[in-house]
Structure formats: C-alpha cells, structure tokens
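Descriptive structure summary
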Amino acid sequence: MSGIQLRKVTANIGAHVGGVDLAQPLDEATVTALRDALNAHKALVFDDVNLDDEGQQAFVRHFGDVTTAHPTVPSVDGVPNVLPVDSERGRAANNWHTDVTFVLNPPQASTLRSITIPPYGGETLIASSAAAYRDLPQPLRLLADSLWAEHTNDYDYAVPEEAVDEAQAAARAQFTSIKYRTVHPVVRVHPLTGERGLFIGGFAQRIVGLSAGESRKLLDLLQSYVTRPENVLRHRWSENQLVLFDNRITQHYAVDNYDGLPRRLHRVTIAGDVPVGIEGKESYSVEGDASHYTSVATRTPSVSVAA
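First things first, this report covers the structure right here in the doc. Here the residue numbers are simple positions, counted from 1 along each chain's written sequence. Residues qualify for local features only when their pLDDT is at least 70, as the model is predicted, and side-chain atom pairs are given and counted only at 80 or more; totals for whole chains, interfaces and linings, by contrast, use all residues. Only heavy atoms go into the side-chain values, all of them from the structure, while hydrogens and water stay out.

Secondary structure summary: the chain contains 6 helices and 16 strands in total. We compute the radius of gyration over the C-alpha atoms and compare it with the globule rule, which gives 2.2 Å times the number of residues raised to the power 0.38. Over its C-alpha atoms the chain spans a radius of gyration of 18 Å, differing by no more than 12% from the 19 Å that the globule rule assigns to 307 residues. When its C-alpha atoms are laid out on the principal axes, the chain stretches across 50 × 50 × 35 Å. Residues counted as buried form 52% of the 307 residues belonging to the chain. Put simply, of all contacts in the chain between residues at least 6 apart along the chain, 82% involve residues at least 24 apart. For every accessible area listed, the method is Shrake-Rupley and the probe measures 1.4 Å; residues are considered covered only by the protein chains on display. If you sum the accessible surface of the chain, you get close to 13400 Å²; carbon and sulfur atoms cover 51% of it. We score Asp and Glu as negative and Lys and Arg as positive, and we do not count His or the chain ends. We put the charge of a Lys on NZ, of an Arg on CZ, of an Asp on CG and of a Glu on CD. In the chain, which carries 27 positive and 37 negative side-chain charges, the distance between the mean positions of the two groups comes to 6 Å. Numbering of helices and strands runs from the N terminus, with a helix taken as a DSSP run of H or I at least four residues long and a strand as a DSSP run of E at least two residues long. Think of it in three bands: residues with accessible area under 20% of the maximum for their type are buried, residues over 50% are exposed, and the middle band is partly exposed, with areas taken using a 1.4 Å probe on protein chains only. The contact criterion used is simple: two residues touch if any of their non-hydrogen atoms lie within 4.5 Å.

It is worth spelling out the pairing of strand β2 (residues 15–18) at this point. Any two strands are treated as partners once DSSP identifies two or more bridges connecting them. The pairing of strand β1 (residues 5–8) with β2 spans 4 bridges and is classified as antiparallel. Considered in β2, the bridge of Leu 6 is made with Val 17. Here β1 hands over to β2 after 6 residues, with Gly 14 in that stretch at a positive phi of 100°. Here 3 bridges tie β2 to strand β3 (residues 43–46), and the two strands are oriented parallel to one another.

Our focus in this paragraph is the packing of helix α4 (residues 138–145) against helix α6 (residues 212–226). Under this scheme, a helix contributes an axis fitted over its contacting stretch, all axes are lines through C-alpha atoms, and angles between N-to-C directions fall in the 0 to 180 degree range. For the pair α4 and α6, interaxial distance at closest approach is 12 Å and the crossing angle is 120°. Judged by the inter-axis angle, α4 sits oblique to α6. By crossing handedness, the relation of α4 to α6 is classed as left-handed. Between α4, through Leu 140, Leu 143 and Ala 144, and α6, the contact on the second element is made entirely by Leu 218, Leu 221, Leu 222 and Tyr 225. Its residues placed into classes, the contact of α4 with α6 shows 7 nonpolar, no polar and no charged. Note on angle classes: values under 35 degrees are labelled roughly parallel, values over 145 roughly antiparallel, values of 65 to 115 roughly perpendicular, and the remainder oblique. If you view the pair so one helix is near and one far, a crossing is left-handed when the near helix is turned anticlockwise from the far one by less than a right angle, and right-handed when it is turned clockwise. Asp, Glu, Lys and Arg are counted as charged, while Ala, Val, Leu, Ile, Met, Phe, Trp, Tyr, Cys and Pro are counted as nonpolar; the rest, among them Gly, fall into the polar class.

Any link to function would need more than the numbers given here.
Written out as structure tokens, the structure is:
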C-alpha cells in the first residue's frame with residue numbers, strides 16, 4: 001500500500017497530498033497512486049517537501065524523462081533541466097497557457113517548487129480543461145471536436161510598445177529566438193484516461209481554416225469555459241511547497257498582484273507524447289525543431305474515449 005492521503009481542494013480540480021516524502025525514492029505502488037491521483041485531480045499540492053533542484057528532478061523522473069528547461073529560455077545556472085520562474089526575469093506567464101504547446105510534444109506534466117515567496121499575492125491559478133469541455137453546450141462541443149489550432153511562441157502579446165522596457169524586449173527576443181508553429185487538436189484526448197479537454201491557451205493563435213479575427217472570437221469563447229471560477233484552483237504559495245499538474249489537460253496563470261516583490265519558483269517538466277484528437281489524428285509541426293528540448297514519450301493507450 002502506498003499510504004498517501006488525498007484532500008480535495010475544489011470539486012473540479014486540485015488535491016493536497018500527505019503521507020509521502022518526496023525526498024526519498026518512491027516505490028512502484030506510491031508512484032502508481034500518485035499517477036492515479038493526478039489523473040483524477042489534475043493538480044497535486046505537496047507541503048514541506050524540503051527539496052533542492054536535484055531532488056525535484058529525481059521526483060519528476062518517477063513519471064518519465066525530464067525535459068531541458070525550455071526550448072529557448074536559459075535554465076538555472078549549471079542545472080540544464082530547471083527553469084527559473086522569476087519575477088526579475090519578467091512576467092510572461094501572466095496569461096492563461098499550457099506549458100510549451102508551440103512544440104510538437106509539449107510536456108505531459110509540470111512541477112513548480114517554491115523558492116522565494118512574496119508576503120502577499122503571487123498565486124498560481126490552475127484550470128481544468130476537462131471540466132471546461134464538459135461545460136460546453138452540445139452544439140459548441142461538436143464544433144470544438146472538429147477544430148485544429150496553430151500554436152506559436154511568436155505572436156503579438158498585446159503589450160503597448162511604450163510599456164516594454166529594454167530588459168523585457170531582450171527577454172521577448174530570447175523567447176522567440178527559435179520560432180515554433182505547431183497544429184494541435186482543439187479537443188485533445190488524454191492518453192491515460194480517455195478524457196477530452198480543450199487544448200488551447202495563450203499560444204493558440206489561429207484556428208485552421210479561419211481568419212485571424214474569426215479565430216480570436218472563437219478561441220476567446222472556448223477559453224471562457226476554461227477560466228470559469230468553478231474550474232479553477234487558486235493556489236496561494238507557501239515555503240517548501242511543490243505543485244504537480246497535468247499539462248495535457250490543464251491551463252495555468254501566474255497572478256501579478258505582489259507589487260513587484262521578489263517571487264521565484266523552479267520548474268521541471270516531464271517529456272510528453274504527441275497530442276491526439278478525437279479521431280485519432282496526431283498533431284503536426286509546421287516550423288521549429290524541439291529535439292534539443294524534449295524526447296517524445298511513448299503513448300499509453302487510453303482506457304476509453306470519454307465523451
């Protein structure tokens with residue numbers, strides 16, 4: 001028996017996990033129990049983890065290969081698999097997104113570990129795209145099932161030019177130093193559970209076959225279901241916490257409400273498989289090679305295709 005304890009945070013997403021020491025090697029039963037919990041709750045919160053960068057990576061490796069930090073953004077010095085999510089390096093995460101969906105096989109899951117926490121604010125919001133899909137009215141669900149969207153890291157962030165300083169411009173140039181464009185299904189089938197979820201977010205910029213204006217209206221409509229308060233976990237960070245979330249069926253948002261005070265998390269992600277739509281068709285790359293960033297995980301057949 002794994003001995004883990006789970007306490008739900010909301011009806012649709014999130015659970016606190018107790019009874020497991022992430023600093024120790026985990027046995028197969030515990031890893032299986034955590035995977036089952038992640039499948040059910042989409043986001044897991046661990047308190048008092050007392051991990052360093054190596055320990056965070058060791059925990060992540062229980063679930064698959066570790067990616068490098070990011071396709072274009074530098075890692076923590078000397079630790080190529082850890083991305084610093086640092087307020088001093090900009091606030092590009094202050095929009096709803098799923099991590100790195102502009103590459104062919106985005107991470108299957110992400111971990112964030114608290115390093116420096118502001119005295120107030122700085123929450124991370126995590127939304128269930130599975131609950132969003134279930135919320136869609138039937139006509140809109142049928143439309144979403146048929147759509148494909150192009151995701152890219154090179155787009156207009158709608159930030160007024162006068163609001164972008166030299167450091168922000170440099171960070172933007174770094175982020176887009178390799179241009180990626182990938183087409184994913186708007187409705188992705190989860191490879192382990194068969195659940196359907198809206199696979200969109202900030203990097204999804206255009207619906208295949210529609211104009212930019214038409215795409216924006218439709219994506220905004222679908223996105224409004226993802227960000228319904230009922231579908232969102234609002235996580236207030238404490239010291240020595242780690243959050244594990246399923247990148248295949250969630251979106252997240254870093255709230256910029258801490259007056260520019262220091263805020264730093266470390267992110268480690270798990271290599272993912274190529275997304276698949278409801279008809280079994282895989283995503284395809286239009287531009288950009290991410291082989292330096294991630295291996296491609298072997299897809300495990302789903303138990304069913306949830307409607």
